[in-house]
Amino acid sequence: MKQYVGLDVSLEQTAVCIVDEHGKALWRGKCASTPEAIAAVVKARATHVERIGLESGPLSTWHWHELKKRGLPVICLDARHAKAALSLQVNKTDPNDALGLAQIVRTGWYREVTVKSLDSQVIRSFLSSRARLVEVRVDLINQIRGMLKPFGLVAGKGGRQPFIDRVRELVADGPLKDAVEALLSALQEVSRQIGVLSRRLTGLARQDQAARRLMTAPGVGSLVALAYISVIDTPDRFSSSSSVGAYLGLTPRRYQSGEIDRSGRISKCGDPLLRTYLFEAAGIVLNRVSRWSALKAWGTRLAKKVGGKKATVAVARKLAVILHRMWRDNTDFRWARQDGQAA
């Protein structure tokens, strides 16, 4: 008899439910939220396990990889889809959620999430840390500017060492010296750490063949290339390159019901950091890259019709598709072709 297991994972304990192929609950209980404990329960209680389902979440990558190593048929479920099904329950409890997840994997009504490799997770950690430090640096600069303005002190544009020197001159021997100096010291250290992470990411990009290939495209540097690789993970996930734009949230939402059929703004699903990087890269293609390409020509014509911002989003979507094709086909960016299209 086939058996199906649902795991509702929390930080300390995991609710486990095992059902048979007819949906009858065979065993319900809890164990520690470690792969070893979960695997022990499944192997002892579900000897004919067909599928094990757990929702995507902070611990899902760790559990998925470790359970796979132990030969268990685990799948990671899209949390949004699982939530839609579990919301039908009257009582929201961990055991009930585990039962619901078991029923979901039994019936096959789920969307499986592709769990990224650990190497991609490492790259993602570097990118996220750097992005967060950049946000902190901007906040510190704005805080310093806001602190000086009530006293009529204007630090001017910029945010690097010349900015720090100007601020120190403005507050020298003044009542704000100690307060501002504390922020300036933090700003300098944050900037230094951003530099450390940037150099590390540049080194990783130079060592990665796929990243070097993606960087042949206009507007794509080490950050964009590594962010793209860490999110896509493997190009074989997508049978069609055009699907990447929708996966990254760069395609319009659509609402159709009866005679109503309208398209809205982009969906913004997927990874926000990569979407931001692609938008910035598209802006560079349209406004800063002097070398002409079919991608730039297409974006320029589109900007005249729909405006710069919409054209930049469209170029970002097209760039995401082009990068996927480059990666999958092991080809560099071709700046010009006889048929007038970029590849």
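A. Representation of the environment of H48 within the structure. Relative to the helices and strands, H48 resides in the loop between α1 (35-45) and β4 (49-55). Spatially, the C-alpha atom of H48 lies 5.6 Å from that of Q3, the residues being 45 residues apart in sequence. Those residues within four positions of H48 in sequence are excluded, and the remaining contacts are M1, K2 and Q3. Polar contacts involving the side chain of H48 include one to the side chain of T47, which spans 3.1 Å.

B. Fine view of the packing of aromatic side chains. Evaluated as defined, the whole model comprises three aromatic pairs. Seen from their ring centres, Y228 and W327 are 6.3 Å apart, and the 55 degrees between their planes marks the pair as tilted. Of this pair, Y228 sits in helix α9 (residues 222-232) while W327 sits in helix α13 (residues 308-329); the two residues are 99 residues apart in sequence, bridging distant segments of the chain. Each of the two residues, Y228 as well as W327, counts as buried. Its guanidinium or amino end placed over the ring of W298, K318 lies 4.9 Å from that ring's centre, counting from NZ or CZ.

C. Geometry of the environment of C269. Topologically, C269 is positioned in the loop between β7 (260-266) and α11 (272-287). Relative accessible area serves as the criterion here: at 27%, C269 is assigned to the partly exposed category. Sequence separation between C269 and V231 is 38 residues; the distance between their C-alpha atoms is 13 Å. Among all residues touching C269, those that are not within four sequence positions of it are A246, Y247, L248, G249 and R275.

D. Spatial organisation of the nonpolar core. Membership of the largest hydrophobic core comes to 45 residues, with the highest contact counts inside it found for L214, Y228, L248, L278, L319 and L323. Contributing elements (two or more residues each) for this core: α5 (118-148), α7 (177-207), α8 (209-214), α9, α11 and α13. Ranked by residue count, the leading element in this core is α13, at nine residues. For Y228, the residues in contact, after removing those within four places along its chain, are L214, D233, V244, L248, L274, A320, L323, H324 and W327. Of all hydrophobic cores here, the second largest spans 19 residues; its members include L7, I38, A39 and C76.

E. Expanded view of the packing of helix α12 (residues 294-306) against α13. Taken N-terminus to C-terminus, the directions of α12 and α13 make an angle of 150 degrees; their axes are 8 Å apart at the nearest point. Judged on the interaxial angle alone, α13 and α12 are roughly antiparallel. With respect to the hand of their crossing, α12 and α13 are arranged in right-handed fashion. The segment α12 lies against α13, with L295, W298, G299, L302, A303 and V306 engaging G308, K310, A311, A314, V315, K318, L319 and I322. Along the lines of polarity and charge, the residues of the contact of α12 with α13 split into 10 nonpolar, two polar and two charged.

F. How the structure looks around the pairing of strand β2 (residues 13-20). Of all the eight residues making up β2, seven are buried; the element is thus mostly covered by neighbouring parts of the structure. Two elements, strand β1 (residues 3-9) and β2, share seven bridges in a ladder whose sense is antiparallel. Its bridge partner lying in β2, Y4 is registered against V19. Following β1, the chain reverses through three residues before pairing antiparallel with β2.

About the criteria used
Residues numbered from 1 in each chain as written. Predicted model: local features only at pLDDT ≥ 70, side-chain atom pairs only at ≥ 80, totals over all residues. Heavy atoms only, no water. Helix = DSSP H or I, 4+ residues; strand = E, 2+ residues; numbered from the N terminus. Contact = heavy atoms within 4.5 Å. Polar contact = N/O pair within 3.5 Å; in protein donor to acceptor, adjacent residues only side chain to side chain. Phe/Tyr/Trp six-rings, centres within 6.5 Å; stacked < 30°, edge-to-face > 60°. Buried < 20%, exposed > 50% of the residue type's maximum accessible area, 1.4 Å probe, protein only. Lys NZ or Arg CZ within 6 Å of the ring centre and 35° of its normal. Core = buried A, V, L, I, M, F, W, Y, C linked by side-chain atoms within 4.5 Å. Axes fitted to C-alpha atoms, helices over the stretch in contact; angles between N-to-C directions. Parallel < 35°, antiparallel > 145°, perpendicular 65-115°, else oblique. Left-handed = near helix turned anticlockwise from the far one by under 90°. Nonpolar A, V, L, I, M, F, W, Y, C, P; charged D, E, K, R; others polar. Pairing = 2+ DSSP bridges.

Shape descriptors only; they carry no functional weight alone.
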